[in-house]
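The lines below spell out each chain.
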Amino acid sequence: MKFQDEYAEIYNMVKNDIEKVSNNVIKEINIEEPFKSKLINILTAPSKHIRTLISFLYLKMFGREIDEKQIIFHSAIELAHNASLIHDDIMDESLIRRNTDTLNSSFGDKTAVICGDYILSIAMQQICKLNSIQLVEIFSQTLSEMTQGEMFQINSKYKIPKIDEYIKKNYQKTAKLFETALEGSLILANINTNAKEFAKNFGIAFQIRDDLINTLTTKSDLSDGIYTAPIIFSQDITTTENGIEKTRILLNNYLSNAEKSLQFSDNNEYKQALIKLLGIIGHA
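Thresholds, definitions, all that
- Position numbers for residues start from 1 in each chain and track the written sequence from start to end.
- Totals for whole chains, interfaces and linings use every residue, but because this is a predicted model, local features are given only for residues with pLDDT of at least 70 and side-chain atom pairs only at 80 or more, for both listing and counting.
- Note that water and hydrogens are dropped before the side-chain values are worked out from all heavy atoms of the structure.
- Only Phe, Tyr and Trp rings take part, Trp by its six-membered ring, and two of them pair if their centres are within 6.5 Å. Stacked means planes under 30 degrees apart, edge-to-face means over 60, and tilted covers everything else.
- Helix and strand assignments come from DSSP, with helices taken as H or I runs of at least 4 residues and strands as E runs of at least 2, each series counted from the N terminus.
- Between buried and exposed lies partly exposed: a residue is buried under 20% and exposed over 50% of the maximum accessible area for its type, with that area taken using a 1.4 Å probe on protein chains only.
- Nonpolar cores are built from buried Ala, Val, Leu, Ile, Met, Phe, Trp, Tyr and Cys residues. Side-chain atoms within 4.5 Å join them into one set.
- Between two residues, a contact is recorded if the distance between any of their heavy atoms is within 4.5 Å.
- This arc is built from the directions going out from the helix axis to the C-beta atoms.
- One less than the number of residues in a helix, times 1.5 Å, gives the span that helix is expected to have.
- A side-chain nitrogen of Lys or Arg and a carboxyl oxygen of Asp or Glu constitute a salt bridge if their distance falls within 4 Å.

Caption draft 1: Spotlight on the packing of aromatic side chains. Across all of its chains, the model carries 8 aromatic pairs by this definition. Seen from their ring centres, Phe 178 and Phe 206 are 5.5 Å apart, and the 55 degrees between their planes marks the pair as tilted. On the criterion of sequence distance, the pair formed by Phe 178 in helix α9 (residues 163-188) and Phe 206 in helix α10 (residues 196-216) is long-range, its members being 28 residues apart. Owing to a relative accessible area of 0%, Phe 178 belongs among the buried residues under this scheme. Of the residues examined, Phe 206 reaches a relative accessible area of 15% and is grouped as buried.

Quick look at the structure:
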């Protein structure tokens, strides 16, 4: 079974709830044309919705249903993620994402920056609807971490970082939003369990996998001066052959740690779906 088919099988377990999030996200877009249509087009482009997916599977693993507060919270998560992609496209001068023109290619960098900021403002409005100072603090700290990770990446271009610096960047840029998505869900559901280890390890593994695939295919990170695990392990920008296998080992270590964090959870179809998802991520 191909990656898309395996992922779709898991996604379908919470598809209806994720669609509620998607509908809520675009409902909040209220700016003038042509920007409104373009933003809606971007926000409704095919996406994995993986942060929301693992959070909803985790909640259902504990026997909880997805209520309106969860829909609102994950609308904010999806908006924050998309805002970060808009800003990434500007810095990377990307012209296409998810088979659609980027905002910067359609309207220029200045307008794209404002649109990304607008998306973030809606995300904060969604968080404020939940009347939780704790969630506001967690969410704002996450935005800060994501920004710091991006700043490190910019500052370290064309430099081979240490492996611990690379992992920290992956945590800040990627895993922190995974962590917040799951932590916030559990706070709203009054579930007293520490899911941070699962989300952190999953998020770091997800980014390592993305970096590995980039190295094996387009090599766009390398050409942009962004040196990831394969280069760090090989210590040679002219070849990544020596670093590929070590990167696979690193990826599997984080996936293994994520699975270990689930060992005390009830064994049901949603737990098995999370474990299967880890296996899918490991096939890079």
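That covers the picture; the talk isn't over yet.
Caption draft 2: Representation of the nonpolar core within the structure. By size, the foremost hydrophobic cluster in this structure holds 77 residues, and its most contacted members are Tyr 58, Ile 119, Phe 198 and Phe 202. Not counting residues up to four positions away in its chain, the partners in contact with Phe 198 are Ile 54, Tyr 58, Leu 182, Ala 258, Ser 261, Leu 262, Leu 274 and Leu 278.

Caption draft 3: Quick look at helix α1 (residues 3-11). Along α1, the residues classified as buried are Glu 6, Tyr 7, Ile 10 and Tyr 11. The buried residues of α1 occupy one face: seen down the axis, they fall within an arc of 140 degrees. Looking at the buried side of α1, the elements it contacts are α2 (15-27), α4 (50-61) and α14 (269-282).

Caption draft 4: Structural detail: the environment of Phe 73. As for its placement among the helices and strands, Phe 73 is situated in helix α5 (residues 68-92). Once the C-alpha coordinates of Phe 73 and Cys 128 are considered, the two residues, 55 residues apart in sequence, prove to be 9.5 Å apart. Not counting residues up to four positions away in its chain, the partners in contact with Phe 73 are Ile 127, Leu 130, Leu 135, Thr 180, Ala 181, Gly 184, Ser 185 and Leu 188.

Caption draft 5: Focus on helix α8 (residues 133-155). In a regular helix each residue adds 1.5 Å, so 23 residues correspond to 33 Å; α8 covers 33 Å between its end C-alpha atoms and thus fits that length. Every buried residue belonging to α8 is among Leu 135, Ile 138, Phe 139, Thr 142, Glu 145, Met 146, Gly 149, Glu 150 and Gln 153, and all of these are buried. Taken together, the buried residues of α8 touch α5, α7 (109-128) and α9.

Caption draft 6: Unusual backbone geometry, seen in detail. At the junction of Glu 33 and Pro 34, the peptide bond is cis and its omega measures out at 10 degrees in the coordinates. The topology assignment puts Pro 34 in the loop between α2 and α3 (35-43). A positive phi angle, close to 55 degrees, is found at Glu 93, a residue other than glycine. Checked against the element boundaries, Glu 93 lands in the loop between α5 and β1 (96-97). Exposure remark for Glu 93: the relative accessible area of 64% places this residue in the exposed category. In this structure, Asn 190 is a non-glycine residue whose phi angle is positive, near 55 degrees.

Caption draft 7: Here's a closer look at the side chain of Ser 75. Structurally, the position occupied by Ser 75 is in helix α5. The exposure class assigned to Ser 75 is buried, which follows from its relative accessible area of 0%. Not counting chain neighbours up to four residues away, the residues in contact with Ser 75 comprise Val 21, Asn 24, Val 25 and Gln 126.

Caption draft 8: Main features of the pattern of salt bridges. In this structure the tally under the stated criterion is 9 salt bridges. A salt bridge links Arg 97 to Asp 89; the shortest N-O distance between them is 2.8 Å. Taking relative accessible area as the criterion, Asp 89 reaches 5% and is therefore assigned buried. Here Glu 179 makes a salt bridge to Lys 176, at a shortest N to O gap of 3.2 Å. Of this pair, Glu 179 and Lys 176 both sit in helix α9, 3 residues apart, roughly one helical turn.

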